[in-house]
Amino acid sequence: MPPKKEIDLKNLDLTHIYTPEEIEYINEHLKTHINFENGRLLPISQSPIANEAVVHEISRQLGNWNVETGQNGIVTTSQGGYNFSVSGQKKIRAPHIAFIPENIYSSLNKTQLLTFLGQPFTPIFVAEVVNVSKEAIFNEVDIRFKNDYFAMGTSVKLGWLIDPRNHMIWTYEKDDDDENVTRQKRKWEDLDGGDILPDFTLDIEFVEKIISQKYEEDELLIEEVKENEDKEGKPMKQIWV
C-alpha cells in the first residue's frame, strides 16, 4: 500500500518520523534497506576492514557449527535487522552477528521474512565487535545489550561483546526466568556457547590472527612517521593507516 503523501526519495528527511507504510515504500523503491528507529532514519557508519573481518570470522565459525551439528538455523551479520519492538515503539537493530534457531525461522511468515511490518521476532544469540576502550562507548553498547537485546520480551538468551583490539570480552546471559541479565568480563580465550549454542566454541586464535597482523603493521608505520619527524623537524607526508 503506497503512502498517502508522496515521498521525495532523493531528499529523505532525517528529522521526519515515517510511518511503517512509508518505511516499506522507501526500502522497496530504493532497492535497499535503510535503518529506522522509532520512525526516524539512522545513518549507518562504516567499519574498518579488520573489524569487519573479525565479524566475518565469528560468523564463519558459527555458520560451520550450524551446519556440522545439524542446527539448521540462520546466521546473520551486520545488515541483518531485527525488530526489537517489545516496548511498542519500532526499534530496528542489526547486531554484528546473530543466530536464529530453526524453529523460530520456520515459523516466520512472508511479511516477517521480507519486511519489518510483521509481528516482531528476535534471535537467541547476538554478538557485537566494538573497540570499547573509551568508557562512553562501552556504556553505550552495554545499554544496547541490556535495554534492547535483553529487554523483557525478546528471545535473546546469550550475548557477547568482543573488543579484539584491546583483547577484552564480556558475556551477557539471561536467567531461566527471563528476568535478570548477568554481565561477566571474560579472559581473552576461547568462548563456549553453553546451552544456547550447544557444542559451539569460538576459536579465538583465528580472531587473534586477523588483528595481530593489522596492528603490528600500524605500529611500524606510526614509528616510521615519528622517526622522520624527529630527523627533519617537520612532519612528512601523511601515511593513512
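Procedures and definitions
Residues numbered from 1 in each chain as written. Predicted model: local features only at pLDDT ≥ 70, side-chain atom pairs only at ≥ 80, totals over all residues. Heavy atoms only, no water. Helix = DSSP H or I, 4+ residues; strand = E, 2+ residues; numbered from the N terminus. Expected span 1.5 Å × (residues − 1). Buried < 20%, exposed > 50% of the residue type's maximum accessible area, 1.4 Å probe, protein only. Pairing = 2+ DSSP bridges. pLDDT = per-residue confidence, 0-100. Contact = heavy atoms within 4.5 Å. Phe/Tyr/Trp six-rings, centres within 6.5 Å; stacked < 30°, edge-to-face > 60°. Axes fitted to C-alpha atoms, helices over the stretch in contact; angles between N-to-C directions. Patch = residues over 30% accessible without salt bridge, like charges linked within 9 Å, V, L, I, M, F, W, Y side chains within 5 Å. Areas by Shrake-Rupley, 256 points an atom, 1.4 Å probe, with all protein chains shown as cover. Salt bridge = Lys/Arg side-chain N within 4 Å of Asp/Glu carboxyl O. Lys, Arg positive; Asp, Glu negative; His and termini not counted. Charge placed at Lys NZ, Arg CZ, Asp CG, Glu CD. Right-handed = clockwise from strand over helix to strand, strands pointing away.

In the nomenclature of an unreviewed UniProt entry, the protein chain is known as Putative restriction endonuclease domain-containing protein of Rhizophagus irregularis.

How do you make sense of helix α2 (residues 49-68) when you look at a structure like this?
The α-helix advances 3.6 residues per turn, and as a result positions three or four apart in sequence lie on the same side. Here α2 contains 20 residues, and its C-alpha end-to-end distance of 28 Å stays within 8% of the 28 Å for a straight helix at 1.5 Å per residue. The set of residues buried in α2 consists of A50, N51, V54, V55, E57, I58, S59, Q61, L62, G63, W65 and N66. Looking one or two places after α2, you find G70, whose phi comes out positive at around 65 degrees.

Which parts of the structure should I look at to understand the pairing of strand β6 (residues 97-100)?
Look at any regular strand and the pattern is simple: side chains alternate between the two faces of the sheet. A two-sided burial pattern is seen for β6, the buried positions comprising I97 and F99 on one face and A98 and I100 on the other. Summarising the sheet, strand β3 (residues 74-76) and β6 pair through 3 bridges and their orientation is antiparallel. Paired with V75 across the bridge in β6 is F99. Pairing of β6 with strand β7 (residues 125-129), which is carried by 3 bridges, proceeds in the antiparallel orientation. Bridge pairing in β7 links I97 to A127.

Teacher, can you tell me more about the confidence of the model for the protein chain here?
Reading fine detail from the predicted coordinates is not recommended where pLDDT is low. Averaged over every residue, the pLDDT of the protein chain is 80; residues scoring 70 or more account for 72%. Put simply, strand β1 (residues 36-37) is where the protein chain has its lowest mean pLDDT, 52, and strand β12 (residues 201-202) is where it has its highest, 98. Here residues 228-241 is a poorly scored stretch, pLDDT under 50, and it has 13 contacts once near neighbours within four places are set aside; other chains count.

Where do I start with the packing of aromatic side chains in this structure?
Any pair of aromatic rings gets described here by the distance separating the centres and the angle formed by the planes. As enumerated under the stated definition, the model contains 10 aromatic pairs in all. A centroid spacing of 5.2 Å and a plane angle of 65 degrees characterise the contact between W65 and F99, whose relative ring orientation is edge-to-face. Placement of the pair is W65 in helix α2 and F99 in strand β6, with a sequence separation of 34 residues. Take W65: its relative accessible area is 4%, and that puts it in the buried class. Among the residues examined, F99 registers a relative accessible area of 2% and is labelled buried. On the numbers, 4.3 Å between centres and 5 degrees between planes, the contact of F145 with Y172 is stacked.

Just checking my understanding: could you explain helix α5 (residues 135-149) for this structure?
Here α5 spans 20 Å end to end across 15 residues, near enough to the 21 Å set by a 1.5 Å rise per residue. Buried within α5 are the following residues: F138, V141, D142, R144, F145, D148 and Y149. Taken together, the buried residues of α5 touch β5 (92-93), β7, β8 (158-163), β9 (168-174) and β10 (181-186).

Whenever I open this one, the sheet that holds β9 confuses me. Can you help?
Strand pairing in a sheet is mediated by backbone hydrogen bonds. Such pairs are either parallel or antiparallel. Spatial strand order, β3-β6-β7-β8-β9-β10: 6 strands in an open sheet with mixed pairing. Edge strands, defined here as strands with exactly one partner in the open sheet, are β3 and β10. Within this sheet the neighbouring strands show an average axis-to-axis angle of 15 degrees, counted without direction. Across 6 bridges, the pairing between β8 and β9 is antiparallel. Of the residues in β9, the one forming a bridge with I162 is I169. The sheet contacts of α2 involve β3, β6, β7 and β8, and relative to β6 the element is tilted by about 20 degrees.

For this particular structure, what's the right way to read a negative patch on the surface?
Taken together, the side chains of E173, D176, D177, E179, D192, D195 and D199 define an acidic patch exposed on the protein surface. By the element assignment, D176 lies in the loop between β9 and β10.

Would you mind going over the pairing of β7 with me for this structure?
The element β7 is extensively covered by neighbouring structure, given that 5 of its 5 residues are classed as buried. Side-chain alternation along β7 places F125, A127 and V129 on one buried face and V126 and E128 on a second face that is also buried. When β7 meets β8, the two strands line up parallel, connected through 5 bridges. In the sheet register, A127 faces β8, and the bridge partner there is W160. At this point the chain moves from β7, through α5, to the parallel β8, and the crossover so formed is right-handed.

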